[in-house]
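So you can see what is in the structure, the chains are spelled out below.
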Amino acid sequence: MLTLAADIEVLARFGRALADPIRCRILLALREAPAHPADLADTLEISRTRLSNHLACLRDCGLVVAVPVGRRTRYELADDRLGHALDDLRTAVVAVEADKTCVDADEKGCC
């Protein structure tokens, strides 16, 4: 039972991270390559303060790590498998979205 609870917590953390579009954009950017906060802020066109808050959330969720590089810090995905998971999740959602087999989808807005 402990494993199940741990699995649920891991998935919940991943869900929290993906619940915000900015965090999704950060994860997708880091999927492409590690980056320094200043570069990420410029790329995503958000303030460094806002980026810092989102990076802290992603670190707390265990999805990104801060790597010291001299006097600067570079961020990267905590594990290469996260990049694959993001790709798999994105393509799965696109496939499900394209499959309109639910007859009540438009009416209920559920699918």
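Scroll up for the structure.
Rules and cut-offs
- Residues numbered from 1 in each chain as written.
- Predicted model: local features only at pLDDT ≥ 70, side-chain atom pairs only at ≥ 80, totals over all residues.
- Heavy atoms only, no water.
- Axes fitted to C-alpha atoms, helices over the stretch in contact; angles between N-to-C directions.
- Helix = DSSP H or I, 4+ residues; strand = E, 2+ residues; numbered from the N terminus.
- Parallel < 35°, antiparallel > 145°, perpendicular 65-115°, else oblique.
- Left-handed = near helix turned anticlockwise from the far one by under 90°.
- Contact = heavy atoms within 4.5 Å.
- Nonpolar A, V, L, I, M, F, W, Y, C, P; charged D, E, K, R; others polar.
- Salt bridge = Lys/Arg side-chain N within 4 Å of Asp/Glu carboxyl O.
- Pairing = 2+ DSSP bridges.
- Expected span 1.5 Å × (residues − 1).
- Buried < 20%, exposed > 50% of the residue type's maximum accessible area, 1.4 Å probe, protein only.
- Arc of directions from axis to C-beta.
- Core = buried A, V, L, I, M, F, W, Y, C linked by side-chain atoms within 4.5 Å.

**Here we look at the packing of helix α3 (residues 37-44) against helix α4 (residues 48-60)**
Now for step 1: At a closest axis distance of 9 Å, the pairing of α3 and α4 adopts a crossing angle of 110 degrees. In this view, α3 runs roughly perpendicular relative to α4, as classed from their interaxial angle. Judged by the twist between their axes, the crossing of α3 over α4 is right-handed. Between α3 and α4, the residues in contact are P37, A38, L40, A41 and L44 and R48, L51 and L55, respectively.
Now for step 2: Along the lines of polarity and charge, the residues of the contact of α3 with α4 split into seven nonpolar, no polar and one charged.

**What to know about the pattern of salt bridges**
Pairing between side chains of opposite charge can happen when their charged atoms approach one another.
Now for step 1: If you walk through the whole model with that rule in mind, you get six salt bridges.
Now for step 2: Where D79 meets R81, a salt bridge forms, and the shortest distance between an N and an O atom there is 2.8 Å.
Now for step 3: Among the charged side chains, a salt-bridge network with shared partners connects R31, E32, D87 and R90.

**Digging into the pairing of strand β1 (residues 64-69)**
Now for step 1: Sheet topology note: the β1/strand β2 (residues 72-77) ladder contains six bridges and is antiparallel. Within β2, the position partnered with V65 by the bridge is E76.

**Observations regarding α4**
Now for step 1: In a regular helix each residue adds 1.5 Å, so 13 residues correspond to 18 Å; α4 covers 18 Å between its end C-alpha atoms and thus fits that length.
Now for step 2: All of the buried residues along α4 are L51, H54, L55 and L58. All buried residues of α4 fall inside an arc of 105 degrees around its axis, so they share one side. In α4, those exposed residues whose orientation departs by more than 90 degrees from the buried face are T49, N53 and D60.

**Examining unusual backbone geometry**
Now for step 1: A positive phi angle is found at E45, which is not glycine, with a value near 55 degrees.
Now for step 2: Along the polypeptide, E45 turns up in the loop between α3 and α4.
Now for step 3: The class of E45 is exposed, set by a relative accessible area of 72%.

**Some points on the nonpolar core**
Now for step 1: I26, L30, L51 and L63 are the most contacted members of the largest nonpolar core, which totals 22 residues.
Now for step 2: Ranked by residue count, the leading element in this core is helix α2 (residues 21-32), at five residues.
Now for step 3: With near-sequence residues (within four places) excluded, I26 lies in contact with L44, L51, H54, L55 and L58.

**Side note on α3**
Now for step 1: Buried within α3 are the following residues: A38, L40, A41 and L44. For α3, the arc enclosing every buried residue in end-on projection is 165 degrees, short of the 170-degree limit, so these residues lie on one face. Opposite the buried face of α3, by more than 90 degrees, sit the exposed residues D42 and T43.
Now for step 2: As for α3, its buried residues are in contact with α2 and α4.
Now for step 3: Once α3 finishes, E45 follows within two positions and takes phi at roughly 55 degrees, a positive value.

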